[in-house]
Amino acid sequence: MNSLATMDENVFLDIISHCPSTEIAKFRLLNKACNKRSYEFFFVNRHLRRTNSVFGYFIQSYERFKYRYRFVSGVEEEAPENNGISLEFLPSKDVKIEACDTRNGIMLCVDDSKYKGGRRIPDYIVCKPATKQYRIIPNPKTRYFTIATGLVVIQSNPFRYKIVRVSNPNAHERKKTKEGFYNLNCEVFDSDSFAWKRLNDLELSWGEFLGRSDKPVLSYGFLHWLTTENNVIRFCMRTESWSLFPVPDGLAEDRCLALVSYEGKLGLLISRDEGDDDGLWVLEGSFGKSWVNVKDVKISRAQGRSYVKPLWFPSSDVVSVVGCDRLGFYNMNSKKSRYLHMTTQGFFRPYDHLAKDYFIPFYSNKDNVGLNNIKIHQKRSDKRKDKKKKSQDTIR
């Protein structure tokens, strides 16, 4: 630790820029100064180049009753839409991105187009687009309408992930809860057991809802959603339990809030159309409920006449923004913008559940994980052969 304290920060950052993202997460715990600098965009770009990683955005469109995708790279040296990342390797060509672990590039896609005996039988597919690997997993209780979904990679070696799904029970199956509350079904899929498990119901007060198009924000191993009443719902992947806490004092009635990830912490972004001061609040600590105002983020007026909304913080000094005709980055220090994708069709409407396009931030290495169907089938075949051989040896 003493040698780390005396080591030049630039040298240290240069060394860890060669490490996998999982190792960088460990180094960030050793030194506060290097931890902060490792979230700056210059380091993110350096790490991407040296580890052959992928960073950008999937743009999900719904056109003519089918989902379509474009991947836009966020790396300066790459052509924005010429990087080989796509979903064309999946067995189905009409899937919806249901959930994504943004920092690990693992996605849950659902194909709702299949029917059997007049009943919808969807395919649930977990995939890694950077390596073109996928695996079809068992279905949850799909007769219930999906409200929210989240996916988290628990560990990389051995590879393990969990998926949480919140759904709305049928009226005759709705449980009687305490007065003023209603229940939502909750299921968890664990790749270790390769099965869904029903958990205790999530309870919300009447009139409080989760937005259907809202994707959760991952921080400290928790998934977070913002309710319509400006409460934060938190799901712990380790204990598989729910908790709820309020936004900062004075913001409970604000309708211009969005959850974001900022330097690995849970952030609450205030972005208003009418020109009032914007701001960013951060939750300190994994179990904390204390919000700290870290900076003023005057983003909505930074683009002149073209209004934009903040979308995601890929680093501490840069925020991705989306507007009616563009997707790009805004550097909060230099106050300069860089556009990744522009269109004349005017369909960029973030946070709008009727929007034609939806944006999924994506950051991934190119390491293989245990999602390749062919290899899995081969392993199963080998296990059957071993079991048959042991049975024959026993008979002999």
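Everything numeric in this text was worked out from a predicted model, so none of it was measured.

Asker: It is not clear to me how helix H2 (residues 9-16) should be interpreted in this structure. Could you clarify?
Answerer: Since one α-helical turn is 3.6 residues long, residues separated by three or four positions face the same way. Those residues of H2 that fall on the buried side of the exposure criterion are Phe-12, Leu-13 and Ile-16. Along the axis of H2, the buried positions cluster into a sector of 95 degrees, meaning they face one direction only.

Asker: Is there a simple way to think about the sheet that holds strand S3 (residues 96-101) in this case?
Answerer: The sheet built from 4 strands is open, its strands ordered S3-S4-S7-S8 with antiparallel pairing. Two strands lie at the open edges of the sheet, namely S3 and strand S8 (133-137), each paired on one side alone. Here the strands of the sheet are splayed against their neighbours by 25 degrees on average, with no regard to which way each runs. Sheet analysis places strand S4 (residues 106-111) next to strand S7 (residues 123-128), joined by 5 bridges and oriented antiparallel. Among the inter-strand pairings, Leu-108 is bridged to a residue of S7, identified as Val-126.

Asker: Explain the nonpolar core here, please?
Answerer: Ranked by size, the top nonpolar core spans 19 residues in total, and within it Val-164, Val-166, Leu-184, Leu-223, Trp-225, Phe-235 and Trp-242 carry the most contacts. Considering every element that reaches this core, the biggest residue donor is strand S11 (residues 181-190), with 4 residues. The contact partners of Val-164, leaving out residues within four places of it in the chain, are Ala-148, Thr-149, Gly-150, Cys-186, Glu-187, Val-188, Leu-223, Trp-225, Phe-235, Met-237 and Trp-242.

Asker: Whenever I open this one, the pairing of strand S1 (residues 54-63) confuses me. Can you help?
Answerer: As a general feature of sheets, a regular strand has side chains that alternate between the two faces. Among the 10 residues that make up S1, 8 are buried, leaving the element largely enclosed by the rest of the structure. As defined by bridge partners, S1 adjoins strand S2 (residues 66-73) across 8 bridges and the pair is classed as antiparallel. Pairing of Gln-60 across the sheet is with Tyr-69, part of S2. Connecting the antiparallel pair S1 and S2 is a turn made up of 2 residues, with Arg-64 showing a positive phi of about 55 degrees.

Asker: Just checking my understanding: could you explain the packing of aromatic side chains for this structure?
Answerer: Between two aromatic rings, the relevant description is the distance of the centres plus the angle of the planes. All told, the structure shown has 18 aromatic pairs when counted by the stated rule. Measuring from centroid to centroid gives 5.9 Å for Phe-55 and Tyr-363, while their planes differ by 50 degrees, and the two rings are tilted. Highlighted residues: Phe-55 in strand S1 and Tyr-363 in strand S26 (residues 357-364), separated in sequence by 308 residues. In this pair, the class of Phe-55 matches that of Tyr-363, namely buried. Considering the side-chain rings of Phe-189 and Trp-196, the 5.5 Å spacing of their centres and the 55 degrees angle between planes classify their relative orientation as tilted. No difference in accessibility class separates Phe-189 from Trp-196, as the two residues are buried. Three or more aromatic residues joined by ring pairs make a cluster, and in this case those are Tyr-124, Phe-159, Tyr-161, Phe-189, Phe-194 and Trp-196. Across from the ring centre of Phe-194, 3.9 Å away, lies the NZ or CZ of Arg-135, which sits over that ring. Seen from the ring of Phe-222, Arg-234 lies directly overhead, with NZ or CZ sitting 5.2 Å from the centre.

Asker: Sorry, what's going on with helix H5 (residues 41-51) here?
Answerer: Residues of H5 that are buried: Phe-41, Phe-43, Val-44, Asn-45, Arg-46, His-47 and Leu-48. With its phi angle positive at about 55 degrees, Asn-52 sits one or two positions after the end of H5.

Asker: Looking at this structure, I do not really get the sheet that holds strand S17 (residues 241-246). What am I missing?
Answerer: Sheet strands associate in pairs through backbone hydrogen bonding, adopting either a parallel or an antiparallel arrangement. Judged by pairing direction, the sheet is antiparallel, and its 4 strands sit side by side in the order S14-S15-S16-S17 without closing on themselves. Across the chains shown, the open sheet's two edge strands, defined by having one partner strand only, are strand S14 (217-219) and S17. Adjacent strand axes in the sheet meet at a mean angle of 30 degrees, parallel and antiparallel pairs treated alike. Summarising the sheet, strand S15 (residues 222-226) and strand S16 (residues 231-236) pair through 5 bridges and their orientation is antiparallel. Each residue of the ladder has a partner; that of His-224, found in S16, is Arg-234.

Parameters at a glance
- In this convention, every chain numbers its residues from 1, walking through the sequence in written order.
- Two thresholds apply to this predicted model, a pLDDT of at least 70 for residue-level local features and 80 or more for giving and counting side-chain atom pairs, whereas whole-chain, interface and lining totals are computed over all residues.
- Think of the side-chain values as coming from all heavy atoms in the structure, minus any hydrogens and water.
- Each residue gets one of three labels from its accessible area relative to the maximum for its type: buried under 20%, exposed over 50%, partly exposed in between, using a 1.4 Å probe on protein chains only.
- By definition, any uninterrupted DSSP run of H or I lasting at least four residues is a helix, any uninterrupted run of E lasting at least two residues is a strand, and each is numbered from the N terminus.
- Arc, as used here, means the arc of the directions from the helix axis to the C-beta atoms.
- Strands were regarded as paired on the criterion that DSSP finds at least two bridges between them.
- Here an axis means a line fitted to C-alpha atoms, over the contact stretch when the element is a helix, while the angle between two N-to-C directions is reported on a 0 to 180 degree scale.
- By convention a nonpolar core is built from buried Ala, Val, Leu, Ile, Met, Phe, Trp, Tyr and Cys residues, the set being connected through side-chain atoms within 4.5 Å.
- We call two residues in contact when some of their heavy atoms are within 4.5 Å.
- Pairs were defined over the aromatic rings of Phe, Tyr and Trp, the Trp ring being its six-membered one, requiring ring centres within 6.5 Å. Orientation was assigned from the angle between planes: stacked under 30 degrees, edge-to-face over 60, tilted for the rest.
- The criterion is that NZ of a Lys, or CZ of an Arg, lies within 6 Å of the ring centre and within 35 degrees of the ring normal, and then a charge sits over that ring.

The analysis is restricted to geometry; functional conclusions fall outside its scope.
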